[in-house]
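# Commentary on secondary and tertiary structure
Below, each chain spelled out in residue letters.
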Amino acid sequence: MTLPSSAPAAIRALTPPPSDAEADAWRDVLAAVQAADLPQLPPPSRVEVSGRIQAAPTRGRAALWAAEAGAAGAAGDGAARDRAAGMLGVAGLLLFSDEGNRHTAFLDVLAVRPGARRQGHGTALWQRVREALLADGRSSVSAVVDLGGPGQAFAESLGFTEALRMAWYVQDVTAPGPEQVPLPPGYTLPCWPGLVPDAWAEAAATAHGAMEDAPSGETDELIETWTAGRLHAAQQLILDRGGAITTVAAATPQGEVAAYTELVLPDPDGPRAIQYDTVVVPGHRGRGLGRAVKLRMLAEAAARHPALRTIATTVADDNAPMRAVNETLGYRRERAAAVFQLKL
């Protein structure tokens, strides 16, 4: 659907949580954008999209907008469905609530259907996002942008600048994988589908703190202190969204989590998973634990999710050790991306 430039779309804030009809229309926009810009990726599923915009985030407050064709002022359930069906673009913003990050926010998505681009809808959506940021006292906002595409050009036109260069890497789950590596003496590899068990939550949270030395570029966002409660809240959100999460850890006899990796399926029946953090605690590095937890995770993922075909992950260009580990496991570079940031 296209809209003449003489008839700009209406920008409407979605009341949380969005309705099922709004979630379906949101998905249609993202599917059209992805088919045009990233045709090599599977289309976003209904579970993935509805979960992401209908479940309340744990780290702050979400704000959602839609650029819609048609009569924006019409009332009633039928009119609401008509408005949702006419979505030309969407924008989603996360306003962080933790004290250390109340100055910044994350732009999760700003996308316009390919046939409706260059008609001012993206700019109109951005104006609503910017108004919300300023009204909430935010001084910066960041977003992850694929390089070389329309998203980068649009972000740079708004004044965003690159803060951290990275790339997406993918691993084929169906291909023969490398052989398992022997664990150093004293370590075990427990696997926890869903929430990390209470008995291990504190140790796992402590291990998450080792992410502090991962490359973060020039981004304003500060790393929060991990606690057992925060860990469980982050994992519960994935489950509340309809997804699945599995953690594999390298554990010591003393109950320490020396390394871990997390795998998330936004849709448990979908073909693509996201590798979240993979961390080796500093005192345990150089022993092959990062490779060991990832290999165990690969076997678990293949057994638990028969529809799974690929695992994707982002790695900062400056993170040479993790890129080297991934290369030995068969990950290949898929596309370049970066965190872009704008100072308001």
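Anyway, here's the lowdown on the structure attached to this text. What you see is a predicted model; the values in this text were computed from it and never measured.

### Some words on the overall build of the protein
A tally of regular secondary structure across the protein gives 9 helices and 12 strands. The C-alpha atoms of the protein give 21 Å as radius of gyration, which agrees with the globular expectation for 344 residues (20 Å, within 12%). The principal-axis extents of the C-alpha atoms in the protein amount to approximately 70 × 40 × 35 Å. In the protein, of all internal contacts separated by at least 6 residues, the share reaching a separation of at least 24 is 76%. Measuring between centres, the 31 positive side-chain charges of the protein sit 3 Å from its 38 negative side-chain charges.

### So, unusual backbone geometry
Cis peptide bonds are those with omega within 30 degrees of zero, and the linkage from P16 to P17 qualifies with -10 degrees. Turning to its location among the elements, P17 is positioned in the loop between strand 1 (10-13) and helix 1 (20-37).

### Some remarks on the environment of A336
Here A336 lies in strand 12 (residues 332-343). C-alpha of A336 to C-alpha of Y169: the two residues are 167 residues apart in sequence and 9.0 Å apart in space. Look past the residues within four positions of A336 in its chain and what remains in contact with it is D146, L147, M166 and A167.

### Description of the side chain of T278
Tracing the chain through its elements places T278 in strand 10 (residues 272-280). Judged by its relative accessible area of 14%, T278 is buried. Those residues in contact with T278, other than ones at most four positions away along the chain, are Y260, T261, V293, K294 and M322.

### Side note on the packing of aromatic side chains
Within the structure shown, the criterion is met by 2 aromatic pairs. Measuring from ring centre to ring centre gives 5.5 Å for W192 and W200, while their planes differ by 40 degrees; the resulting arrangement is tilted. Look at W192 and you get buried, because its relative accessible area is 8%. Against the face of W226 rests R230, its NZ or CZ located 3.6 Å from the ring centre.

### Considerations on the nonpolar core
In this structure, A250, L263, L289, L308 and I311 are the most contacted members of the largest nonpolar core, which totals 27 residues. Counting residues per element, the ones that place at least two in this core are strand 6 (161-172), strand 8 (244-251), strand 9 (257-265), strand 10, helix 8 (289-304) and strand 11 (310-316). The element that contributes the greatest number of residues to this core is helix 8, accounting for 6 residues. Apart from the residues lying within four places of it in its own chain, the contact partners of L263 are A244, I245, T246, A273, I274, Q275, M297, A301 and I311. Counting residues in each nonpolar core, the second largest holds 26 residues, with W65, A67, A91 and V112 among its members.

### Details of the pattern of salt bridges
Going through the model one piece at a time under the given rule, you end up with 19 salt bridges. When the shortest N-O distance is used, the salt bridge between R27 and D28 registers 3.8 Å. By relative accessible area, which is 23% here, R27 ends up partly exposed. Residue D28 is classed as partly exposed on the basis of its relative accessible area of 38%. Taking the shortest distance from any N to any O, the salt bridge between R59 and D98 comes out at 3.8 Å. With R59 in the loop between helix 2 (46-54) and strand 2 (60-68) and D98 in the loop between strand 3 (87-96) and strand 4 (105-112), this pair connects stretches of sequence that are 39 residues apart. Overall, the relative accessible area of 22% leaves R59 in the partly exposed class.

### Concerning the side chain of H232
Locating H232 in the fold gives a position in helix 7 (residues 228-240). Judged by its relative accessible area of 17%, H232 is buried. Setting aside residues up to four positions removed in sequence, H232 forms contacts with L195, V196, D198 and A201.

The rules behind the values
Residues numbered from 1 in each chain as written. Predicted model: local features only at pLDDT ≥ 70, side-chain atom pairs only at ≥ 80, totals over all residues. Heavy atoms only, no water. Helix = DSSP H or I, 4+ residues; strand = E, 2+ residues; numbered from the N terminus. Rg over C-alpha atoms; globule rule 2.2 N^0.38 Å. Contact = heavy atoms within 4.5 Å. Lys, Arg positive; Asp, Glu negative; His and termini not counted. Charge placed at Lys NZ, Arg CZ, Asp CG, Glu CD. Buried < 20%, exposed > 50% of the residue type's maximum accessible area, 1.4 Å probe, protein only. Phe/Tyr/Trp six-rings, centres within 6.5 Å; stacked < 30°, edge-to-face > 60°. Lys NZ or Arg CZ within 6 Å of the ring centre and 35° of its normal. Core = buried A, V, L, I, M, F, W, Y, C linked by side-chain atoms within 4.5 Å. Salt bridge = Lys/Arg side-chain N within 4 Å of Asp/Glu carboxyl O.

It is worth stressing that arrangement in space is one thing and function is another; only the former is reported here.
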